[in-house]
Amino acid sequence: MAAAVSAFLALPEDNKSDTVKLDAEVLLLACIDKTRTYIFTWPEKKLSQEQQKRFFEMVQRRKLGEPIAHIVGFREFWSLPLEVNAQTLIPRPDTETLVEQVLALEITNDISLLDLGTGTGAIALAIASEYPNWNITGCDRIQAAIELAERNRQRLNNDNQFSKVQFIKSNWFSALKNKKYDVIVSNPPYIEPNDPHLNQGDVCFEPLSALVAQDDGMADLKHIIMQARSHLNENGVLLLEHGYNQSQQVSDFLIQMSYKGIKTFTDLSGNDRITVSQFGTE
Ligand SMILES: C[S@@+](CC[C@H](N)C(=O)[O-])C[C@H]1O[C@@H](n2cnc3c(N)ncnc32)[C@H](O)[C@@H]1O
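Re the site of the ligand
Step number 1: In the neighbourhood of the ligand, 19 residues make up the surrounding shell, with T88, G117, D140, N171 and W172 lying closest.
Step number 2: One nitrogen or oxygen atom from the side chain of D140 is found 2.6 Å from an oxygen atom belonging to the ligand.
Step number 3: Contact distances for the ligand include 3.2 Å between a nitrogen atom and a backbone N or O atom of R141.
Step number 4: Across the complex, the protein chains shield 97% of the 600 Å² of accessible surface that the ligand would expose by itself.
Step number 5: Per-class residue counts for the shell around the ligand are eight nonpolar, nine polar and two charged.

Next up, the structure:
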């Protein structure tokens, strides 16, 4: 088993990711379907021919830059194993900050929540894992993302913890006419079309529909801020993920659209990432 990891480590420098050893371990674990402890407890165990073949196929894909999450088909978010694919974003640890801010609202009654641009369903399912009695709707414009989110919901729903979550296809609020929610959350596309990061690393393998927005990355954020006013119950809360350098623009636009109690929170790297606000007519 150690030999397989060593082979991966022996890749030429220009084929290595920044996390070569971890990548090798994750691929190996996916191949043998065991926990991390297993490979350290039994380093002398040999891979079967079938496992070796599968491992080296995975290594080839990684050498071409494909994200580990796409190769193994899963990524953990809020400790939930989520199926991922190339139709939407691979959930990021920074987005867990948004979930934390929903928890920080300390809502004690059972409310309705909308997750706009749900992708894998990561945010909706993470919140449902904490509040199984909330009525949670996740929407996405991409049909394949809705199907993916629903598969994730069904796979996790053994003890019915996720039975109050539904996913629907909608271009932002288009299929939600006259619907109102106590809380709306979104991690929309917010990268500007010319951002050089779009050509680097895992992002190259993710769809532009999940990443890019016009107007310097602000178009979808602004659309959601504007439209959410007629989809929030009185004093409902809007939580938005945005780029590290967009908090001022987001806050300014929220003020312009008469939101109040605007606060920005930082992600795991200390960058401004989540802005929370409330909308009420009083
Ligand atoms: C940045 S990804 C976020 C995915 C997921 N919520 C997460 O945090 O991992 C943005 C998502 O918004 C969806 N999206 C983009 N434009 C949309 C629109 N007009 N209406 C609904 N969803 C949209 C994309 O398909 C994508 O799944």
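A closer look at the sheet that holds strand β7 (residues 232–241)
Step number 1: Pairing within the open sheet is mixed, and its seven strands lie in the order β5-β4-β3-β6-β7-β9-β8. Whereas interior strands pair on both sides, the edge strands pair on one side only; in this sheet they are β5 (165–169) and β8 (260–266). Ignoring which end each strand starts from, the neighbouring axes of this sheet average 15° apart.
Step number 2: Two elements, strand β6 (residues 181–186) and β7, share five bridges in a ladder whose sense is parallel. Bridging from a neighbouring strand, V183 pairs with V237 of β7.
Step number 3: Lying on the sheet, helix α6 (residues 96–104) is in contact with β3 (112–116), β6, β7, β8 and β9 (272–279); it crosses β7 at an angle near 155°.
Step number 4: Across the sheet, helix α8 (residues 143–156) lies against β4 (135–140) and β5, angled at about 165° from β5, the strand it touches most.

Basis of the calculations
Residues numbered from 1 in each chain as written. Predicted model: local features only at pLDDT ≥ 70, side-chain atom pairs only at ≥ 80, totals over all residues. Heavy atoms only, no water. Near = heavy atom within 4 Å. Polar contact = N/O pair within 3.5 Å; in protein donor to acceptor, adjacent residues only side chain to side chain. Areas by Shrake-Rupley, 256 points an atom, 1.4 Å probe, with all protein chains shown as cover. Nonpolar A, V, L, I, M, F, W, Y, C, P; charged D, E, K, R; others polar. Pairing = 2+ DSSP bridges. Helix = DSSP H or I, 4+ residues; strand = E, 2+ residues; numbered from the N terminus. Axes fitted to C-alpha atoms, helices over the stretch in contact; angles between N-to-C directions. Contact = heavy atoms within 4.5 Å.

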